Amino acid sequence: MDIRGQKKEIRRVIREQKRSVDETWMLQASDIIMSQLESQDLFKAADTVFMYHALPDEVQTATFLDKWYQTKRILIPLVSGDDLILKVYSPDKVVSGYKGIPEPSDDAETVDASEVQLAIVPGVAFDRFCNRLGRGKGFYDRLIPSLKCPLIGLSFDFQIVAQVPVEIFDRKLDMVITQNNLFYR
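Quick summary incoming for the structure in this document. (Residues numbered from 1 in each chain as written. Predicted model: local features only at pLDDT ≥ 70, side-chain atom pairs only at ≥ 80, totals over all residues. Heavy atoms only, no water.)

So, about the pattern of salt bridges. Applying the stated criterion across every chain yields a total of 4 salt bridges. Residues R73 and E115 are paired through a salt bridge, measuring 2.6 Å at the closest nitrogen-oxygen approach. Taken together, the positions of R73 in strand β2 (residues 73–80) and E115 in the loop between β6 (110–111) and β7 (118–122) put the pair 42 residues apart, joining distant regions of the chain. When its relative accessible area of 24% is taken as the criterion, R73 is described as partly exposed. Judged by its relative accessible area of 36%, E115 falls in the partly exposed class. Measuring nitrogen to oxygen at the nearest pair gives 3.5 Å for the salt bridge that ties D107 to K93. Taken together, the residues span a long stretch of sequence, with D107 in the loop between β5 (102–104) and β6 and K93 in the loop between β3 (83–88) and β4 (94–96) at a distance of 14 residues. Among the residues examined, D107 registers a relative accessible area of 54% and is labelled exposed. A relative accessible area of 28% places K93 in the partly exposed class. In the salt-bridge network here, residues are joined through shared partners; they are R73, E109 and E115. (Salt bridge = Lys/Arg side-chain N within 4 Å of Asp/Glu carboxyl O. Helix = DSSP H or I, 4+ residues; strand = E, 2+ residues; numbered from the N terminus. Buried < 20%, exposed > 50% of the residue type's maximum accessible area, 1.4 Å probe, protein only.)

Turning our eyes to something else, we now look at the packing of aromatic side chains. Any two aromatic rings considered together are summarised by their centre-to-centre distance and by the angle between their planes. Applying the stated rule across the entire model yields 4 aromatic pairs. Aromatic pair W25 and F156: ring centres 5.2 Å apart, planes at 50°, arrangement tilted. Separated by 131 residues along the polypeptide, W25 in helix α2 (residues 23–38) and F156 in the loop between β8 (151–154) and β9 (175–177) bring together distant segments of the chain. Accessibility expressed as a relative area gives 28% for W25, which makes it partly exposed. (Phe/Tyr/Trp six-rings, centres within 6.5 Å; stacked < 30°, edge-to-face > 60°.)

Moving on: the nonpolar core. Of all hydrophobic cores here, the largest spans 44 residues; its most connected members are M34, L37, M51, W68, I120, L147 and L154. Put simply, the parts of the chain that give this core at least two residues each are α2, β1 (48–51), α4 (62–68), β2, β3, β7, β8 and β9. Among the elements that take part in this core, α2 stands out by supplying 5 residues, more than any other. (Core = buried A, V, L, I, M, F, W, Y, C linked by side-chain atoms within 4.5 Å.)

Now for the sheet that holds β9. Strands sit in the order β6-β3-β2-β1-β7-β8-β9-β10 across an open sheet of 8 strands; the sheet is mixed. Edge positions in the sheet fall to β6 and β10 (182–184), since each of these pairs with one other strand and no more. Two elements, β3 and β6, share 2 bridges in a ladder whose sense is antiparallel. Among the inter-strand pairings, K87 is bridged to a residue of β6, identified as T110. In the packing of α2 onto the sheet, the strands contacted are β1, β7, β8, β9 and β10, and the crossing angle to β8 comes to about 160°. (Pairing = 2+ DSSP bridges. Contact = heavy atoms within 4.5 Å. Axes fitted to C-alpha atoms, helices over the stretch in contact; angles between N-to-C directions.)

Moving on, we get to α2. For α2, spanning 16 residues, the distance from its first C-alpha to its last is 22 Å, which sits close to the expected 22 Å at 1.5 Å a residue. Every buried residue of α2 is accounted for by M26, A29, S30, I33, M34, Q36 and L37. Along the long axis of α2, the arc covered by the buried residues comes to 155°, so they all point the same way. (Expected span 1.5 Å × (residues − 1). Arc of directions from axis to C-beta.)

A word on the pairing of β2. Looking down a regular strand, the side chains alternate between one sheet face and the other. One ladder, built from 3 bridges, connects β1 with β2; its direction is parallel. Across the sheet, V49 pairs through a bridge with I74, a residue of β2. The handedness of the β1 to β2 crossover, carried by α4, is right-handed. Direction of pairing for β2 relative to β3: antiparallel, over a ladder of 6 bridges. Among the inter-strand pairings, P77 is bridged to a residue of β3, identified as L86. Between β2 and the antiparallel strand that follows it, β3, lie 2 residues; G81 among them carries a positive phi value of about 65°. (Right-handed = clockwise from strand over helix to strand, strands pointing away.)

This is the structure in structure tokens:
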């Protein structure tokens, strides 16, 4: 089966699985995944962390951004024309962006990508991971090549985690955390 067929089949399975999952379960599973992330040495050691608000049906990240910003410098992206700018997250310096996902306001502190010590990538289903890193449509494909830090993916088990080589950038996730398993590169 070619990659297009694989992605189509995976999307079908994900849709079927999500129909049987309610929002309460997703919040509980997100808590477990975040607890596992917090127990990792990579997370404990990092002072400057890139993490974006999750899209719908991904690990819920908003409450953890609010929790962590007090002890870590959490960076989220601001797309301005062709430029991708990393800004320090603070609840009082966000505005509503794409699909209502909060993005940093213009007056938030700007940080260079070279300062990122750990990148946390919510939503690592095979198709989303490929789309974000290899198709030139989003911020990940612009950001990931500039990061020299470990990449940790967060996913629900039903999102079918795969070790996906990204041919353009030759990058893989260093670790994927689900509510039940740890998958390493």
